[in-house]
Amino acid sequence: MKNYLIAKSRRLRSTPYTSRIEKQGVTAYTVYNHMLLPAAFGSLEESCDHLKKDVQVWDVAAERQVEIVGKDAAKLVQLMTCRDLSKSKIGRCYYCPIIDENGKMVNDPVILKLDENRFWISIADSDVIFFAKGLAHGHKFDVNIFEPNVDIIAVQGPKSFALMEKIFGKKILDLKFFGFDFYDFQGTKHLIARSGWSKQGGFEIYVENTSSGVQLYDKLFEQGKDLNVKAGCPNLIERIESGLLSYGNDFDNNDNPYECGFEKYVNLDNNIEFLGKEKLKDIKSKGIERKLMGVILDLEKLSITKSLDIYEKEKKIGDLRSACFSPYFKKVIGIAMISEPFCKASQTVYLNIDGKKVSGKVCDLPFI
């Protein structure tokens with residue numbers, strides 16, 4: 001597949017770390033929330049192996065924040081998600097499907113509760129800020145909604161704990177999963193969460209002070225030399241193996257949270273008000289007709305830029321939405337939306353790829 005250059009512009013924003021990662025060997029970008037997001041540093045397989053063994057520093061500033069602050073902030077945030085946040089706590093992160101009036105997915109962000117009336121919605125790739133502004137206006141909520149100046153650095157991999165301890169001390173190791181707190185770096189406080197878009201463990205640093213953040217970025221590499229630190233980015237292989245879903249790739253506004261396997265984040269047995277609640281009650285009572293599943297294909301290479309139809313005999317039963325070669329399975333693995341009654345592990349399927357019939361099996365997520 002031929003690669004093409006991306007023309008940078010004001011509406012396709014760079015990050016404070018772009019000059020660093022380009023010197024460190026970034027080989028591909030994607031576009032995420034109207035920003036440059038590194039997509040590769042050479043071989044995906046080598047980078048995946050390194051992520052699983054050592055530590056990487058990621059420029060994920062494209063993971064933008066929507067700040068909602070004001071008297072009605074909690075009401076608005078709850079209106080947007082089917083997860084019950086009535087008992088949410090300051091200093092915690094919450095994975096929350098955001099849905100529309102039809103119970104369809106708008107985004108799947110992590111929501112940080114900074115104060116009783118102040119939240120950051122750490123969004124996937126869709127324009128949640130306009131969705132929130134429209135709801136706030138329609139409901140006449142007393143809130144202020146804006147994109148704060150926050151550029152995230154992620155530190156991921158099993159050695160991330162040792163690297164972060166070098167810079168922030170042992171207290172950083174006390175941070176609970178999906179908790180956050182403020183930590184000092186050379187006189188500047190940084191919000192740090194025990195989170196990240198990998199299953200290898202790590203942290204996300206929500207940088208508000210750009211100058212301090214760039215110094216911290218450099219310090220991570222300086223202090224991480226003996227830990228074999230490298231520049232990295234969210235890895236396609238690791239995220240598919242781990243069953244980490246991607247909005248816009250694996251699901252979008254045509255899908256509901258039950259189809260995406262998010263049922264544990266759908267809280268219907270309460271008095272809270274949120275968009276699409278009655279629709280989701282109806283979906284739950286009738287049952288879903290399709291579901292996101294894993295697929296293992298008898299293939300050693302596949303790159304997809306659009307959905308591929310999946311068949312059982314001559315019947316179309318779903319579509320493949322993301323895929324990559326997995327060194328662990330020695331085959332191509334992917335994430336697919338499969339219709340009932342075929343979304344069962346071990347179901348045999350096939351795809352037509354480049355004029356050839358490729359067989360495979362359905363499996364549960366995550367793969368590993």
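Throughout what follows, the structure given in this document is the object of discussion. (Residues numbered from 1 in each chain as written. Predicted model: local features only at pLDDT ≥ 70, side-chain atom pairs only at ≥ 80, totals over all residues. Heavy atoms only, no water.)

**Details of the state of the cysteines**
Under the definition given, this model contains 0 disulfides. Of all cysteine sulfurs in the structure, the one in C324 sits closest to C48, which takes part in no disulfide; the separation is 8.1 Å. Here C48 falls in the buried class, since its relative accessible area comes to 4%. Take C363: it sits in no disulfide, and the sulfur closest to it among the cysteines is that of C324, at 12 Å. Among the residues examined, C363 registers a relative accessible area of 15% and is labelled buried. (Disulfide = S-S within 2.5 Å. Buried < 20%, exposed > 50% of the residue type's maximum accessible area, 1.4 Å probe, protein only.)

**Things to note about the nonpolar core**
Within the largest apolar cluster, 77 residues are counted, with the highest numbers of intra-cluster contacts made by M164, F168, I205, L220 and L280. Considering each element in turn, this core owes the most residues, 5 residues, to helix α6 (residues 210–223). Dropping the residues within four chain positions of it, I205 is found in contact with D151, I152, I153, V155, M164, H190, L191, I192, L216 and L220. With 25 residues, the next largest nonpolar core counts I68, V106, I123 and A132 among its residues. (Core = buried A, V, L, I, M, F, W, Y, C linked by side-chain atoms within 4.5 Å. Helix = DSSP H or I, 4+ residues; strand = E, 2+ residues; numbered from the N terminus. Contact = heavy atoms within 4.5 Å.)

**Re the packing of helix α5 (residues 160–168) against α6**
Contact geometry for α5 and α6: axes closest at 10 Å, N-to-C directions at 115°. Note on packing geometry: the crossing formed by α5 with α6 is right-handed. Every residue of α6 that contacts α5 at L163, M164, K166, I167 and F168 is listed here: L216, K219, L220 and Q223. Of the residues in the contact of α5 with α6, the class split is 6 nonpolar, 1 polar and 2 charged. (Axes fitted to C-alpha atoms, helices over the stretch in contact; angles between N-to-C directions. Left-handed = near helix turned anticlockwise from the far one by under 90°. Nonpolar A, V, L, I, M, F, W, Y, C, P; charged D, E, K, R; others polar.)

**Things to note about the sheet that holds strand β8 (residues 110–115)**
Across a sheet, paired strands are connected by hydrogen bonds in the backbone, their directions being either parallel or antiparallel. The 5 strands are arranged β5-β8-β9-β4-β10 in an open sheet whose pairing can be described as antiparallel. Looking at the sheet topology across the chains shown, the edges are occupied by β5 (93–95) and β10 (144–146). For this sheet the average axis-to-axis angle between neighbouring strands, irrespective of direction, equals 20°. Taken together, the 3 bridges between β5 and β8 define a ladder with antiparallel strand orientation. Directly across from C93, in β8, lies its bridge partner L112. The strands that helix α3 (residues 73–80) touches are β4 (65–69), β8, β9 (118–122) and β10; relative to β4, the one it contacts most, it runs at about 135°. (Pairing = 2+ DSSP bridges.)

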